[in-house]
Amino acid sequence: PSHAIFTYHRSWSYFADAFGFEVVNTVEPVPGIPPTARHLAELVSQAKSRNVGLLLQESYFSSEGGRFLNRQSGVRLVVQAASCDAPEAGSYLRHFDTLIAALSLALYARAYYPRIPLVIDAARRRDTTILGQVAAARWPEWRRGPRTG
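Calculation rules
- Residues numbered from 1 in each chain as written.
- Predicted model: local features only at pLDDT ≥ 70, side-chain atom pairs only at ≥ 80, totals over all residues.
- Heavy atoms only, no water.
- Phe/Tyr/Trp six-rings, centres within 6.5 Å; stacked < 30°, edge-to-face > 60°.
- Buried < 20%, exposed > 50% of the residue type's maximum accessible area, 1.4 Å probe, protein only.
- Helix = DSSP H or I, 4+ residues; strand = E, 2+ residues; numbered from the N terminus.
- Pairing = 2+ DSSP bridges.
- Axes fitted to C-alpha atoms, helices over the stretch in contact; angles between N-to-C directions.
- Parallel < 35°, antiparallel > 145°, perpendicular 65-115°, else oblique.
- Left-handed = near helix turned anticlockwise from the far one by under 90°.
- Contact = heavy atoms within 4.5 Å.
- Expected span 1.5 Å × (residues − 1).
- Right-handed = clockwise from strand over helix to strand, strands pointing away.
- pLDDT = per-residue confidence, 0-100.
- Salt bridge = Lys/Arg side-chain N within 4 Å of Asp/Glu carboxyl O.
- Arc of directions from axis to C-beta.

J.: I'd love a proper account of the packing of aromatic side chains, names of residues and values included.
T.: Applying the stated criterion to the full structure yields five aromatic pairs. Both rings, one in phenylalanine 15 and one in phenylalanine 21, keep their centres 6.3 Å apart while their planes meet at 15 degrees; by these two values the pair is stacked. For phenylalanine 15, a relative accessible area of 8% translates into the label buried. Ring-pair connections join several aromatic residues into one group, and the members of that group are Trp12, Phe15, Phe19 and Phe21.

This is the structure we're talking about:
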């Protein structure tokens, strides 16, 4: 499986390094500037040539670019806050549990259901497609992987 990903902004660099992801490019051509049609076309080309499987982005950015990449190249969009917003004990680890679960689901869906679009909005704890809703309802089975035999 490919470990090549896109991020919307350059804020996921440390996470990518820690978990072995290679950030191929960012959706923002320049920090603070939304993507142009030309830049999105370049990202589609990169996604196909480099087998980019994920786009990781924060919830406060528009998801239009990510949805376009999902439709054009099968890149799975995972929306998640870059930092924990709850001050209670254990919330930091729960934040990463949620993020890892969302990334795992997106990679699983891309590998086994490549033609079905999937956008996981982990920041709002909801999935915006039918496949995502089914996956959320059957999460224990998805986490174990496909059945064999």
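J.: Before we move on, could you go through the pairing of strand β1 (residues 4-7) and cite the residues and values that matter?
T.: The side chains of a regular strand alternate between both faces of the sheet. Where burial is concerned, the two faces of β1 agree: the one with Ala4 and Phe6 and the one with Ile5 and Thr7 are both buried. Here four bridges tie β1 to strand β2 (residues 22-26), and the two strands are oriented parallel to one another. Within the sheet, the bridge partner assigned to threonine 7 lies in β2 and is threonine 26. The sheet contact formed by β1 and strand β3 (residues 54-57) spans three bridges and is parallel. Considered in β3, the bridge of isoleucine 5 is made with leucine 54.

J.: So, the packing of helix α2 (residues 37-50) against helix α3 (residues 64-73): which residues are in play, and what are the values?
T.: Interaxial distance between α2 and α3 falls to 10 Å at its minimum, and their mutual angle equals 45 degrees. The orientation of α2 with respect to α3, classified from their angle, is oblique. The element α2 and its partner α3 pack so that their crossing is right-handed. Note on element contacts: α3 touches α2 through Gly65, Phe68, Leu69, Gln72 and Ser73, opposite Leu40, Leu43, Val44, Ala47 and Lys48.

J.: Lay out helix α4 (residues 91-112) in plain terms, naming residues and giving numbers.
T.: The α-helix winds at 3.6 residues per turn, so residues separated by three or four positions along the chain end up facing the same way. Here α4 spans 31 Å end to end across 22 residues, near enough to the 32 Å set by a 1.5 Å rise per residue. Of the residues making up α4, those classed as buried are Ser91, His95, Leu99, Ala102, Leu103, Leu105, Ala106, Tyr108 and Ala109.

J.: Kindly report on the pairing of strand β4 (residues 76-79), identifying the contributing residues and their values.
T.: Burial of the side chains of β4 extends over both faces: Arg76 and Val78 are buried on one face and Leu77 and Val79 on the other. On the question of chirality, the crossover connecting β3 to the parallel β4 by way of α3 is right-handed.

J.: Requested: an account of the confidence of the model for the chain, with residues and values cited.
T.: Mean pLDDT over the chain stands at 78; residues scoring 70 or higher make up 74%. At the level of individual helices and strands, the chain shows its lowest average pLDDT in helix α6 (residues 139-144), which scores 45, and its highest in α2, which scores 96. Across residues 126-130 the pLDDT falls below 50, and counting only partners more than four positions away or on other chains, this stretch makes 13 contacts in the model. Here residues 140-149 scores under 50 on pLDDT; set against residues more than four positions off or in separate chains, the count is twelve contacts.

J.: Tell me what's going on with the pattern of salt bridges, and back it up with residues and numbers.
T.: Under the defined criterion, the tally for this structure stands at two salt bridges. Residues glutamate 22 and arginine 50 are paired through a salt bridge, measuring 2.5 Å at the closest nitrogen-oxygen approach. Here glutamate 22, found in strand β2, pairs with arginine 50, found in helix α2; they are 28 residues apart in sequence, far enough to count as distant. For arginine 50, a relative accessible area of 37% corresponds to the partly exposed category. Here arginine 38 makes a salt bridge to glutamate 42, at a shortest N to O gap of 3.8 Å. With arginine 38 and glutamate 42 both in helix α2 and four residues apart, the pair spans about one turn of that helix.

J.: Please provide a residue-by-residue account of α2, values included.
T.: With 14 residues, α2 extends 20 Å between its outermost C-alpha atoms, agreeing within 8% with the 20 Å of an ideal straight helix rising 1.5 Å per residue. For α2, the full list of buried residues reads His39, Leu40, Leu43, Val44 and Ala47. Take α2 and look down its axis: the buried residues cluster within an arc of 145 degrees, on one side only. Facing away from the buried side of α2 by over 90 degrees, the exposed positions are Arg38, Lys48 and Ser49. Buried residues in α2 make contact with β1, β2 and α3. Directly after α2, the chain includes asparagine 51, whose backbone phi takes a positive value near 55 degrees.

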